[in-house]
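Secondary and tertiary structure notes
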Amino acid sequence: MELSAEQQTKKTGPSTGGPSFASTAPVQFNSVEFRDGIQSLLATRVKTEEMIPFLSRMDQIGYASMEMWGGATFDVCIRFLQDDPWDRVRTFKRYMKHTPLKMVLRGQNLVGYHAYPDDIVEKFVECAANAGIDVFLIFDALQDLRNCETAFRAVQKMGKKIEGSLQYNLSPLNTIDAFVENALAQQKMGAQLMHVEDMAGLMTPPMAYTLIRALKETLDIPVHLHCHCTGGMAEMCYWEAIRAGADGIDVCVSSLGLGPGHPPIESFIAGLRGTCRDPRIDLVPFAALNKGFQYLRELHKDVESQLIGVDVGCLQHQVPGGMLTNLENQLKAMNALDRLPEILEEVTRVRKDMGYPPLATPSSQICGAQATSNVLMGERYKFISKEMRDYCRGMYGCPPGPIAPELLQKALGGKAPIDCRPASLLEPGWEKAKREAGSLARTEEDVLTYALFPTVAPDFLKKKYTCGGLKL
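Residues numbered from 1 in each chain as written. Predicted model: local features only at pLDDT ≥ 70, side-chain atom pairs only at ≥ 80, totals over all residues. Heavy atoms only, no water.

The next subject is the overall build of the chain. When you go through the chain residue by residue, the secondary structure sums to 21 helices and 8 strands. Its C-alpha atoms give the chain a radius of gyration of 21 Å, near enough to 23 Å, the size a compact globule of 472 residues would have. Dimensions of the chain, computed from the C-alpha atoms along their principal axes, are close to 60 × 55 × 45 Å. Within the span of the chain, comprising 472 residues, buried residues form 62% of the whole. Considering only contacts in the chain between residues 6 or more positions apart, those separated by 24 or more positions represent 77%. Carbon together with sulfur atoms contributes 54% to the accessible area of the chain, which is approximately 18,600 Å² in total. (Helix = DSSP H or I, 4+ residues; strand = E, 2+ residues; numbered from the N terminus. Rg over C-alpha atoms; globule rule 2.2 N^0.38 Å. Buried < 20%, exposed > 50% of the residue type's maximum accessible area, 1.4 Å probe, protein only. Contact = heavy atoms within 4.5 Å. Areas by Shrake-Rupley, 256 points an atom, 1.4 Å probe, with all protein chains shown as cover.)

Here you go:
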C-alpha cells in the first residue's frame, strides 16, 4: 500500500546527517513579482506602465527567468485594467535584455477557465512566443497530462523552453511515488525543467527535502520549487529543498513578499553567502527596488490581501494565495467578508467531494465558488454552476479521485461522464473566432483575445482602437 505525502514525511523524518548540500551549483532565482507576486498580494491590479520603472534594474540582478505573464494577468488586463496583455510582453522584452521571460500556461485552458480547441492552443503559443515569451510553464489543474499534450507540442514547434509542473497538495491520493511518476511522464513528453508548485503554502520542510530529493534522483532535468508563505513554512522548505539539490527557487523582493506571497530573495542571497551554493548576487540594488515596491503596494492598498503574517488554516482549506485574495475582495463587494471562515471550512468539504483536485486554476475557482454558494444559500449544492457540472462531466479532465455520489447525481442527473481527452470533443475554433470577432479584431492577437474571452473582449477591443487607443 502506498503512503500518502504526510505519512511518508512522518516515516522519513526530518533530513539529518549526510552532506550539507546535495549539489554544489549556485542556486538560481526565478522572479515572480509581476505575475504571482501581484496576483497573491494585489489581486493582479497592477498596470504595465507601473511595472516599467523596475524592469531595467531587475534585468541586471541575475535572475534565471522572470515569470511575468499568464495566470490571471491576461483576464485582469482586459477585464479591469484596459491594458493590452500582448503589449505587456513586448514592453517587458524591450527592457529585459538578459532575463528570459516566462509565462504560466494552464495547459488546454491557456489563460482562461475551460478547454479551448487545439488550433486555438497552437495559435496562442505561436503568438506568445513571437511576442517574447521564452519559457512556458505548463500545468493542468487536475494533473491530467492529456490536457498538456497540445501545448507541449506547440512550444516545441516554436523552439521555446517547456517547464513542466507538479501541483503539490495534501490528500490520500498524493504520494511521493505519484508525484515522481507524473514528473517523469512530463520529462518524457519534452519538459526541460520541472517546477514543483506549493500554491497554498502547505509543504513542510521534511517533505520539501524528501520530494525534491526523490525528483532529483529520478529526473534528468533541473528541478525548481515554488512555495507560498501562507502556512509560515516556505522559507524553511526552500532551505531544505536547496540542501536536497533543488536547482532553483521562485522569489519576490522582500517588500512584495510574505503573507500569501513568496519568500524574499534577499534572505537567500545572504543565507547562502560563502557556501558552495552561493548565487553571488549583490544585495545593494534591492534597497531601491524595495522602495519602489513599497510604493506600489501603497498605491494598490484598496485591493491588498488582508492576510498579515501566517494562516495555519491553509493546512486545512488549501486555498492558494491568489485565490484567497480574490475571494476576500469578492466577499467584500458582497458585504459578506464575515462569512469567509465558514466558506473556507466548506472549501475543504467540497474539495473532498470533487475527488481531491489540487486547488489550482480553474479547479480552485470552481471549488471556491461552490463553497461560497453552499454557505450563502444555507444549503449544500442547492445551486450548481455550469463549471461544476462540466467538472463532474469530465470536461476539465479526469479528477484525481472519485466524485462524491451526491454531487455527481445533482450535477449530472444520472448521465455518464466522458472518458476521453476533453479537447477531443471540441470543434476547431480559429476560423470561427475570426468570423465572430469581425472588424473588432485587427491582428491575430486580437482574434485570440476574442476567442479566449468572447464576452469581455468586444468592449476591450473597441476601446483599444478608439479614443486614442490604450495606454501602455
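It is worth spelling out the pattern of salt bridges at this point. Under the defined criterion, the tally for this structure stands at 27 salt bridges. Across the pair Arg 35 and Asp 36 runs a salt bridge whose closest N-O atoms are separated by 3.4 Å. Since its relative accessible area comes to 4%, Asp 36 is described here as buried. We note a salt bridge from Arg 35 to Glu 67, for which the minimum N-O separation is 2.7 Å. (Salt bridge = Lys/Arg side-chain N within 4 Å of Asp/Glu carboxyl O.)

With that out of the way, let us pick up the layout of surface pockets. By volume, the second largest pocket amounts to about 320 Å³. Along its surface, the second largest pocket is lined by 16 residues, and Leu 142, Gln 143, Asn 174, Asn 182 and Pro 400 are the ones closest to its centre. Examining the composition of the lining of the second largest pocket, we find that 3 residues originate from one element, helix H8 (residues 176-189), more than from any other. Across the lining of the second largest pocket, the residue classes break down as 9 nonpolar, 6 polar and 1 charged. (1 Å grid on protein atoms, 1.4 Å probe; cavity = no way out; pocket = protein on both sides within 12 Å on 5 of 7 lines; lining within 4 Å. Points joined across faces, edges and corners; volume = space filled by probe spheres on them. Nonpolar A, V, L, I, M, F, W, Y, C, P; charged D, E, K, R; others polar.)

Moving on, we come to the packing of helix H15 (residues 340-353) against helix H16 (residues 363-377). Between H15 and H16, whose axes approach to 8 Å, the crossing angle comes to 120 degrees. By the angle between their axes, H15 is oblique relative to H16. Seen from above, H15 lies across H16 with right-handed handedness. Between H15 and H16, the residues in contact are Glu 342, Ile 343, Glu 346, Val 347, Val 350 and Arg 351 and Cys 367, Gly 368, Gln 370, Ala 371, Thr 372, Asn 374 and Val 375, respectively. Taken together, the residues of the contact of H15 with H16 break down into 6 nonpolar, 4 polar and 3 charged. (Axes fitted to C-alpha atoms, helices over the stretch in contact; angles between N-to-C directions. Parallel < 35°, antiparallel > 145°, perpendicular 65-115°, else oblique. Left-handed = near helix turned anticlockwise from the far one by under 90°.)

Two numbers describe how helix H6 (residues 118-131) lies on helix H7 (residues 149-158): the axes approach to 9 Å, and their chain directions differ by 35 degrees. Crossing hand, H6 versus H7: right-handed. For the pair formed by H6 and H7, the contact residues are Asp 118, Val 121, Glu 122, Val 125, Glu 126, Ala 129 and Asn 130 on the first element and Thr 150, Ala 151, Ala 154, Val 155 and Met 158 on the second. The class makeup of the residues in the contact of H6 with H7 is 7 nonpolar, 2 polar and 3 charged.

Let's shift gears to the side chain of His 262. The topology assignment puts His 262 in the loop between strand E8 (248-251) and helix H11 (265-271). His 262 sits in the buried class, given a relative accessible area of 0%. Here His 226 takes part through its side chain, which lies 3.4 Å from a polar atom of the side chain of His 262. Separated by 3.4 Å, the side chains of His 262 and His 228 make a polar contact. Not counting the four nearest positions on each side in its chain, His 262 is found in contact with Val 32, Asp 36, Gly 37, Ser 40, His 226, Cys 227, His 228, Cys 229, Asp 250, Cys 252 and Gly 257. (Polar contact = N/O pair within 3.5 Å; in protein donor to acceptor, adjacent residues only side chain to side chain.)

Within the fold, Arg 35 resides in helix H2 (residues 33-41). Classification of Arg 35 as buried rests on a relative accessible area of 6%. C-alpha of Arg 35 to C-alpha of Glu 444: the two residues are 409 residues apart in sequence and 24 Å apart in space. In this structure Arg 35 touches Glu 67, Met 68, Trp 69, Gly 70, Gly 71, Thr 73 and Val 104, once residues within four positions along its chain are discounted. Within the local environment of Arg 35, its side chain forms a polar contact with the side chain of Gln 39, the two groups lying 2.8 Å apart. Within polar-contact distance, the side chain of Arg 35 engages the side chain of Glu 67 at 2.7 Å.

All right, on to unusual backbone geometry then. Excluding glycine, residues mostly carry a negative phi; peptide bonds, for their part, are mostly trans. Cis rather than trans, the peptide bond between Thr 361 and Pro 362 has omega equal to 5 degrees. Within the secondary structure layout, Pro 362 lies in the loop between H15 and H16. A positive phi is found at Gln 82, a non-glycine position, where the angle reads about 50 degrees. Checked against the element boundaries, Gln 82 lands in the loop between helix H4 (73-81) and helix H5 (85-95).

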